[in-house]
Amino acid sequence: MPGLEDLYREIILDHYRNPRNRGELEVPPAHRVEGFNPLCGDEIVIYLTVDGDTVTDIKIGGQGCSISQSSASMMSAAVKGKTVDEVRELTKSFKSMMSIHEHSLEGEDEPAEPTAESVAKLGDLEALRGVVKFPVRIKCATLSWNTLAQGLDEALAGA
Amino acid sequence: MALTDTPHGGRATDADPLDAAAIAADFPLLGTTSHGRRLVYLDSAATSQKPTAVLDAMDRYYRTINANVHRGVYDIAEQATSAMEAARAKVGRFIGARSTSEVVFTKNATEACNLVVQSWGRANLAEGDVVVLSLMEHHADIVPWHILAAEKGLELRWIGVTDDGHLDLSNLDQLLDGAKALGVTAMSNVLGTITPVADLCAAAHAAGAVTLIDACQYVPHNVTDVAAWDADFVAFSGHKMCGPTGIGVLWGREELLDAMPPFLGGGEMIRDVRTDGFTVNDLPWKFEAGTPPIAEIIGIGAAVDYLEGLGMDAVRAHEVELTTYAMDVLGQRFGDRLTIHGPADPAERGGVLSLAFADLHPHDVAQVLDEHAVCVRAGHHCAKPLMRHLGVSATARASVYVYNTPADIDALADALDATAEFFMV
Ligand SMILES: Cc1ncc(COP(=O)(O)O)c(C=O)c1O
């Protein structure tokens, strides 16, 4: 049985206690997007500046548990300065680490294990791997990523 | 089990009429373990555990008299029909109904609320009409009204909540002025607050408004008398009162139910069907389209028998004693680090304790409690307007029932200690 240490790694608690890129950006030029976890009431607000094809700045607001907050904090650090394509790639790697296959009912074709290369790119985010063993918390970890994806789409559509 | 450590055994105090430790033995699931420890179930506000008597009654139906109801003339079909209708009578007596015509079975309390809004509301409300709700409502008594309001252009007005966790009735007459309906909870599933239902119904009727009482948290824990309340509609669920899931109840005033159009259409609810129309069945079957959840109806009847065996006065007294014990113990052990939302006086509330612990998020608290086999609910409890009013996104909620003992509360407190240690707060 997975223990609490699998879930609450030191680096997660550090990001929870000292969240990176917390705050707001002026809208516009930044884009603002909100995400909700309907299960637990957690809310996240992401402010995003996309310049050309690069995410030049990002700030995080809202409230949530240590998993959703630390995931958002690590995400903000990981995507700042990256190109949109790199961010999308990172999102894919993160979600595959969270083994997101909610919609596949065919038990046969499990999604491919994330490659060592894609995991390496996740850096600190790899610490969230243990969340997979606590299925109800996966939504906490992915809230910020789904919200970011929505924000990117909106920001690019508006541009 | 360390029950012998507490001075009163399974009882919270000498005044506690129930020996909860003995009662717990009636509930098979409470004898199981989780993470290698005795399961401590403190989430009965979400759903209660089920006693053997209820499980056996449902099993007996399937094994010995399984047949569809109101159709067959053969022996077991008649037995199934009379078992189902006997359960309806038990439920009716349990809440003070005058007749079984007023006891409509639904899927759950949520469906009961939707029935009232879609049938009574659709037939009786028009653009600009006012419906009054409270900020304490569960989404089950909010969203159906939102749906109809968006369609018809209704105005929703909101009864506020005071700092000490009661309904703010200071402007009630103003809110009710011109209102056609009042939807209000009898007991909050977040704050535990017991509301003055009889007074609210009197005020609503004086203003000409019809009342829908969400008694989902009230009926399982208190003596309920719909006639004394003088309510118009009362909704509750079987699964929070020792019964199975999949069965809820709408009690309604007969004159109102009689005048209402049907909700769902199909078999059971009709008297005659022709190519050019249909006529409806008598109450209560007019509102029960299709094959009913027969086993679940028999199950809720057995749950009523079980609770009446304990005595609802005793159930309430036990919960007041245990809530008092819990508030004392948690207060002594955690002081300012722990906030319990809602009324401070256990006599004014049910055994629902929504906790804010240090600055920890309820999800994180509940996760560590789970490691200690203590089951509590973390989240918004389907009451987001109330959460916004409290200024929180979630709470960790511990709730008690007939089978909870002081040892369960001690286990909760020990697990909270471990939580504080783990997160170093
Ligand atoms: C106060 C209150 N109303 C309504 C409901 C809805 O009950 P159900 O989900 O059984 O329909 C609940 C239970 O969650 C509740 O606590």
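If you're wondering where the values come from, they're calculated on a predicted model, not measured in any experiment.

### Brief notes about the sheet that holds strand β17 (residues 377-379) of chain B
Sheets are built from strands paired through backbone hydrogen bonds, the pairs being either parallel or antiparallel.
All names here are of chain B.
Next, step 1: If you trace the four strands from one edge of the open sheet to the other, you get β14-β15-β18-β17, paired in antiparallel fashion. Of all strands in the sheet, those with a lone pairing partner are β14 (338-340) and β17, marking the two edges. Taking each pair of neighbouring strands and ignoring which way they run, the sheet shows an average axis angle of 30°.
Next, step 2: Alignment of β17 against strand β18 (residues 395-399), held across three bridges, turns out to be antiparallel. Residue pairing for β18: Ala 378 is matched across the bridge by Ala 396.

### So, the sheet that holds strand β10 (residues 233-237) of chain B
Residues and elements named next belong to chain B.
Next, step 1: What the eight strands build is an open sheet, ordered β4-β11-β10-β9-β8-β5-β6-β7; its pairing is mixed. Of all strands in the sheet, those with a lone pairing partner are β4 (103-106) and β7 (167-168), marking the two edges.
Next, step 2: Sheet strands touched by helix α4 (residues 109-124): β4, β8 (179-185), β9 (210-214), β10 and β11 (248-252). Its angle to β10, the strand with the most contacts, is close to 150°.
Next, step 3: The sheet contacts of helix α5 (residues 143-152) involve β5 (130-134), β6 (155-161), β8 and β9, and relative to β6 the element is tilted by about 150°.

### Focus: the confidence of the model for chain A
Next, step 1: Put simply, chain A has an average pLDDT of 84, and 86% of its residues get 70 or more.
Next, step 2: Per-element averaging of pLDDT across chain A places helix α5 (residues 116-122) of chain A at the bottom with 68 and strand β1 (residues 31-36) of chain A at the top with 94.

### Details of the packing of helix α11 (residues 312-334) of chain B against helix α14 (residues 406-423) of chain B
Residues and elements named next belong to chain B.
Next, step 1: Two numbers describe how α11 lies on α14: the axes approach to 10 Å, and their chain directions differ by 25°. Between α11 and α14, the crossing angle belongs to the class labelled roughly parallel. As α11 runs across α14, the sense of the crossing is right-handed. The segment α11 lies against α14, with Leu 322, Tyr 325, Ala 326, Val 329, Leu 330, Arg 333 and Phe 334 engaging Pro 406, Ile 409, Asp 410, Leu 412, Ala 413, Asp 414, Leu 416 and Asp 417.
Next, step 2: Across the contact of α11 with α14, the residue classes tally to 11 nonpolar, no polar and four charged.

### Description of a negative patch on the surface
Next, step 1: A cluster of acidic residues, Asp 51, Asp 53, Asp 85, Glu 86 and Glu 89 of chain A, forms a negative patch at the surface.
Next, step 2: It is helix α4 (residues 84-97) of chain A that provides the largest number of residues to the negative patch, a total of three residues.

### Brief notes about the side chain of Asp 214 of chain B
Next, step 1: Relative to the assigned elements, Asp 214 of chain B resides in strand β9.
Next, step 2: Separated by 3.1 Å, the side chain of Asp 214 of chain B and the backbone nitrogen of Cys 216 of chain B make a polar contact.

### Considerations on helix α10 (residues 294-310) of chain B
Next, step 1: With 17 residues, α10 of chain B should reach 24 Å at 1.5 Å per residue; the first-to-last C-alpha distance of 25 Å fits that figure.
Next, step 2: In the stretch just after α10 of chain B, Gly 311 of chain B is the one whose phi turns positive, near 90°.

### Notes on the interface of chain A and chain B
Next, step 1: Contact with chain A, which involves 23 residues of that partner, is made by 19 residues of chain B.
Next, step 2: Counting the surface lost from both chain A and chain B, the interface buries some 1,700 Å², and carbon and sulfur atoms represent 54% of this.
Next, step 3: Together, Leu 4, Tyr 8 and Cys 40 of chain A form the three largest contributors to the area buried by chain A at its contact with chain B, with a combined 29%.
Next, step 4: Seen at the junction of chain A and chain B, the total is one salt bridge.
Next, step 5: Residue Arg 137 of chain A pairs with Asp 364 of chain B through a salt bridge whose shortest N-O separation is 3.0 Å.

### Here we look at the site of the ligand
Residues and elements named next belong to chain B.
Next, step 1: Close contacts around the ligand come from Asn 108, Ala 109, Thr 110, His 138, Ala 140, Asn 189, Asp 214, Cys 216, Gln 217, Ser 237, His 239 and Lys 240, and that covers them all.
Next, step 2: One of the backbone N or O atoms of Ala 109 is found 3.3 Å from an oxygen atom in the ligand.
Next, step 3: Contacts to the ligand include Gln 217, whose side-chain N or O atom sits 2.6 Å from an oxygen atom.
Next, step 4: Out of a free accessible area of 390 Å², the ligand has 87% covered by protein chains.

### Some remarks on the packing of aromatic side chains
All names here are of chain B.
Next, step 1: Under the definition given, this model contains 10 aromatic pairs over all chains.
Next, step 2: Ring centres of Phe 27 and Tyr 306 lie 5.6 Å apart, and the angle between their planes is 85°; this geometry places the pair in the edge-to-face category. Remark: Tyr 306 occurs in helix α10 and Phe 27 occurs in the loop between α1 (20-24) and β1 (33-34); sequence separation between them is 279 residues. The pair Phe 27 / Tyr 306 is uniform in exposure class, with both members buried.
Next, step 3: Seen in terms of ring centroids, Phe 27 and Tyr 403 are 4.7 Å apart; in terms of plane orientation they differ by 70°. Their pairing is edge-to-face. Highlighted residues: Phe 27 in the loop between α1 and β1 and Tyr 403 in the loop between β18 and α14, separated in sequence by 376 residues.
Next, step 4: Following the ring pairs from residue to residue traces out a cluster consisting of Phe 27, Tyr 306, Tyr 401 and Tyr 403.

### What about unusual backbone geometry?
Next, step 1: The omega torsion of the bond from Pro 28 of chain A to Pro 29 of chain A falls at 15°, within 30 degrees of zero and hence cis.
Next, step 2: In this structure, Pro 29 of chain A sits in the loop between α2 (10-17) and β1.
Next, step 3: A cis amide bond links Leu 283 of chain B with the next residue in sequence, Pro 284 of chain B, at an omega value of -5°.
Next, step 4: Positive phi outside glycine occurs at His 70 of chain B, with the angle close to 60°.
Next, step 5: Structurally, the position occupied by His 70 of chain B is in the loop between α2 (52-65) and α3 (75-94).
Next, step 6: Taking the relative accessible area as the measure of exposure, His 70 of chain B reaches 33% and is therefore partly exposed.
Next, step 7: Positive phi, close to 55°, is recorded for Met 424 of chain B, a residue that is not glycine.
Next, step 8: Structurally, Met 424 of chain B can be placed in the segment after α14.
Next, step 9: Of the residues examined, Met 424 of chain B reaches a relative accessible area of 62% and is grouped as exposed.

The rules behind these values
Per chain, residue numbering runs from 1 following the sequence as it is written. Working convention: letters from A go to chains and numbers from 1 go to ligands, in the order in which they are written. Totals for whole chains, interfaces and linings use all residues, but because this is a predicted model, local features are given only for residues with pLDDT of at least 70 and pairs of side-chain atoms are given and counted only at 80 or more. Processing note: side-chain calculations cover all non-hydrogen atoms of the structure and skip hydrogens and water entirely. What makes two strands pair is DSSP finding at least two bridges between them. A helix here means a DSSP run of H or I that spans at least four residues, while a strand means a run of E at least two residues long, and both kinds are numbered starting from the N terminus. As a rule, the C-alpha atoms of each element are fitted with a line to give its axis, helices using only the stretch in contact, and angles between N-to-C directions run from 0 to 180 degrees. It only takes one pair of heavy atoms within 4.5 Å for two residues to be counted as in contact. Predictor confidence is given residue by residue as pLDDT, running from a minimum of 0 to a maximum of 100. By the definition adopted for this analysis, an angle is roughly parallel if under 35 degrees, roughly antiparallel if over 145, roughly perpendicular if from 65 to 115, and oblique otherwise. The handedness criterion is simple: a crossing whose near helix is rotated anticlockwise from the far helix by less than a right angle is left-handed, and one whose near helix is rotated clockwise is right-handed. Each residue gets one of three labels, nonpolar for Ala, Val, Leu, Ile, Met, Phe, Trp, Tyr, Cys and Pro, charged for Asp, Glu, Lys and Arg, and polar for the others, Gly among them. Each patch is built from salt-bridge-free residues with over 30% relative accessible area, joining like charges within 9 Å and nonpolar side chains (Val, Leu, Ile, Met, Phe, Trp, Tyr) within 5 Å. Exposure was quantified through the Shrake-Rupley algorithm and a 1.4 Å probe, taking into account, for residues, occlusion by the shown protein chains and nothing else. A side-chain nitrogen of Lys or Arg and a carboxyl oxygen of Asp or Glu constitute a salt bridge if their distance falls within 4 Å. Neither His nor the chain termini are counted; the positive set is Lys and Arg, and the negative set is Asp and Glu. Here the site of a charge means NZ on Lys, CZ on Arg, CG on Asp, or CD on Glu. What qualifies as a polar contact is a pair of N or O atoms within 3.5 Å, subject to a donor-acceptor requirement within protein and to the restriction that residues adjacent in sequence count only when both atoms come from side chains. Every helix has an expected span of 1.5 Å times one less than the residues it contains. Defined here as a combined quantity, buried area equals the accessible surface (1.4 Å probe) lost by two parts on assembly, summed across both. By convention in this text, a residue qualifies as near a molecule or strand provided that one of its non-hydrogen atoms is within 4 Å of it. The criterion for an aromatic pair is that two Phe, Tyr or Trp rings (for Trp, the six-membered ring) have centres within 6.5 Å, with stacked assigned to planes under 30 degrees apart, edge-to-face to planes over 60 apart and tilted to the rest. Per-residue accessibility, obtained with a 1.4 Å probe over protein chains only, is compared with the maximum for each type, and a residue is labelled buried under 20%, exposed over 50%, and partly exposed between these values.

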